[in-house]
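One letter stands for each residue in the lines below.
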Amino acid sequence: MTVVGLDDTDSRERGMCTTYVAKTIAERLERSGASVSRLVLVRLNPAVEYKTRGNAAPAIHTDCASATAFEIAREELERLAETADERTHPGLVVADHSPGETPDDVSAFTRRAIRSHLERADAATLIDGHGYRAWHAGNGRGRIGALAAIGAWNELEEWTSERIAYRQSDRWGTPREVDAKSVFVAADREYPRVWDTVDRGEEETVCVPHTPGPILYGIRGDDPDAIGRVAEGIESERVASSQLFVTNQGTDVHLRDGSLGSVRDGRAYRVDGRVASEPETKRGGHVFVTLEGLGDDRDRDERPSLECAAFEPTKRFRDRVRALRVGDRLTVCGEVSRGTLKLEKFALRERVETERVTPTCPDCGRRMESAGRNQGYRCRDCKTAEAKKETVALERELEEGWYEVPPCARRHVAKPLVRGGFDAPTHPER
């Protein structure tokens, strides 16, 4: 067996797609007489700043001799990779062992590539140490993802599927012709086995990209047969070809357990805390809220804190964040950048049911006013007084449980609530 890993062939402006390059290599391998058992699509750390788009690295599992597979793959990368873009640095790694026999240090490299940051030298050391065949253009950064794709099958435990339909090459860069109504109808038939095909709240066909390149649409889910039925139900321009990928999309494998005081930029976490400030909507429609540690009141001034944000592209999810109250206990998930956690989802673990408010005058029903520092409250008209604030029931819009960004804002690797496996009631977005 042979594993072919590749990465970094596309461009944000010029198009192309690494999955298309992988599919093309697989087709050439099969024409040469080899068989291909699967194509794997690995989403790496979404917080890496030098990624081109979705930070995807494909792997091809084949019985082709490694030397032949290397030559075929290298020729296709040289032909298709968008090396005219100075940010594109394609890489190729070919391993002459089965996917399940990947050395432990290569498998660990995959996990690090999904959750952390790696250097080119890290990849080069392992490639040389295991005698893998490798090729690169530019600065060689693509070898990081290519090597990570090699180790994925042996390292990761949870997999989903995506069927990608590709356009005819003469239509690349032109507006896509996809009948939105047919996409919504097909998606409804197979939900929730097939997810993130559309966003019903925003009336958006999430599966259809807006960037230039060969992809017409991509259908994701847990059931490959259901995915195929959705694809068959979509009315669109002529599909040139399609390919099923096994992928780590929708699995949350990028998240690591952390604490408010230990998070670092460029990584994604799952952390617990308590709401310490009223949610604030700032310029641009972004909503911010601060979490603090779960210590007792005696050490409140020393608790670690973390700013969390629901940015404008998360749309109606921001209303969930605005509905939080000081004292709510949460689990939050997301990438940390410049000291702020970009919310992907959160669980309301324990909600505040009461609040302390300025007392009401028992005679006239008006709110009292402060009588001065540490002097309680009094009614200006009736002269009645109260020593402290009163406790009243708080009407809440949010139930306890999980809330997530809508499909239009979800990262490829983030796990939709509809997939299940969460430790509290869920409120999935459709």
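Everything discussed here concerns the structure shown above.
Residues numbered from 1 in each chain as written. Predicted model: local features only at pLDDT ≥ 70, side-chain atom pairs only at ≥ 80, totals over all residues. Heavy atoms only, no water.

A. The sheet that holds strand E20 (residues 385-386), seen in detail. As summarised here, the arrangement of the three strands in space is E18-E19-E20, forming an open sheet in which the pairing is antiparallel. The sheet terminates laterally at strand E18 (369-370) and E20, the two strands that pair on one side only. Examined bridge by bridge, E18 and strand E19 (residues 377-378) share two bridges and lie antiparallel to one another. Counted as the bridge partner of Glu 369 is Arg 378 from E19. (Pairing = 2+ DSSP bridges. Helix = DSSP H or I, 4+ residues; strand = E, 2+ residues; numbered from the N terminus.)

B. Region of interest: the pairing of strand E22 (residues 401-404). Pairing geometry for strand E16 (residues 340-350) and E22, over four bridges, is antiparallel. Bridge pairing links Phe 346 to Tyr 403 in E22. Here two bridges tie E22 to strand E23 (residues 426-427), and the two strands are oriented parallel to one another. The residue bridging Trp 402 from the neighbouring strand is Thr 426, located in E23.

C. The nonpolar core, seen in detail. Of all hydrophobic cores here, the largest spans 30 residues; its most connected members are Val 4, Leu 6, Ile 25, Leu 29, Ile 60 and Leu 92. Listed by contribution, the elements that provide at least two residues to this core are strand E1 (2-7), helix H1 (18-31), strand E2 (36-43), strand E3 (56-62), helix H2 (66-80), strand E4 (91-95) and strand E6 (160-167). Ignoring anything within four residues of it in the chain, the contact list for Ile 60 reads Thr 2, Val 3, Val 4, Leu 6, Ala 22, Ile 25, Ala 26, Leu 29, Val 36, Arg 38 and Leu 39. In terms of nonpolar packing, the next biggest core, distinct from the first, is built from 27 residues, Val 93, Val 106, Leu 126 and Leu 156 among them. (Core = buried A, V, L, I, M, F, W, Y, C linked by side-chain atoms within 4.5 Å. Buried < 20%, exposed > 50% of the residue type's maximum accessible area, 1.4 Å probe, protein only. Contact = heavy atoms within 4.5 Å.)

D. Representation of the side chain of Ser 107. Within the fold, Ser 107 resides in helix H3 (residues 104-115). Residue Ser 107 is classed as buried on the basis of its relative accessible area, which comes to 3%. With sequence-adjacent residues up to four places away left out, Ser 107 is seen in contact with Thr 102, Gly 151, Asn 154 and Glu 155.

E. Local environment of the packing of aromatic side chains. Applying the stated rule across the entire model yields seven aromatic pairs. Between Phe 317 and Phe 346, the ring centres sit 5.8 Å apart and the planes meet at 50°, which makes this aromatic pair tilted. Of this pair, Phe 317 sits in helix H8 (residues 317-322) while Phe 346 is found in strand E16, placing the two residues 29 residues apart along the sequence. The buried category is assigned to Phe 346, whose relative accessible area is 1%. Site record: aromatic cluster; members linked through ring pairs are Tyr 20, Tyr 166 and Trp 172. In this structure, Arg 200 is placed above the aromatic ring of Tyr 191, and the distance from its NZ or CZ to the ring centre is 5.3 Å. Positioned above the aromatic ring of Phe 288 is the side chain of Lys 282, whose terminal nitrogen or guanidinium carbon lies 4.7 Å from the ring centre. (Phe/Tyr/Trp six-rings, centres within 6.5 Å; stacked < 30°, edge-to-face > 60°. Lys NZ or Arg CZ within 6 Å of the ring centre and 35° of its normal.)

F. Inspection of the sheet that holds E2 at higher detail. Pairing in this open sheet of nine strands is mixed, and the strands run E5-E4-E1-E3-E2-E9-E6-E8-E7 from one edge to the other. A strand with exactly one partner marks an edge of an open sheet, and here the two such strands are strand E5 (133-136) and strand E7 (194-195). Relative to E3, E1 runs antiparallel, the two sharing four bridges. Note on E3: the bridge partner recorded for Gly 5 is Ala 59.

G. Structural context of H1. Its 14 residues give H1 an end-to-end C-alpha distance of 20 Å, which sits within 8% of 20 Å, the value for a rise of 1.5 Å per residue. Here H1 lies mainly inside the structure; ten of its 14 residues are buried. The complete set of buried residues in H1 reads Thr 18, Thr 19, Tyr 20, Val 21, Ala 22, Lys 23, Thr 24, Ile 25, Ala 26 and Leu 29. Phi turns positive one or two residues past the end of H1, at Gly 33, with a value near 105°. (Expected span 1.5 Å × (residues − 1).)

H. How the structure looks around the environment of Arg 378. Structurally, Arg 378 is set in strand E19. Linking Arg 378 and Gly 221, residues 157 residues apart in sequence, is a C-alpha distance of 61 Å. Ignoring sequence-local partners within four residues, the contact set of Arg 378 consists of Met 368, Glu 369, Ala 371, Thr 384 and Ala 385.

I. Spotlight on the pairing of E6. Summarising burial for E6: seven of the eight residues are buried, a large majority. Pairing between E6 and strand E9 (residues 239-247): eight bridges, direction antiparallel. If you follow Ser 161 over to E9, its bridge partner there is Val 246. Taken together, the six bridges between E6 and strand E8 (residues 215-221) define a ladder with antiparallel strand orientation.

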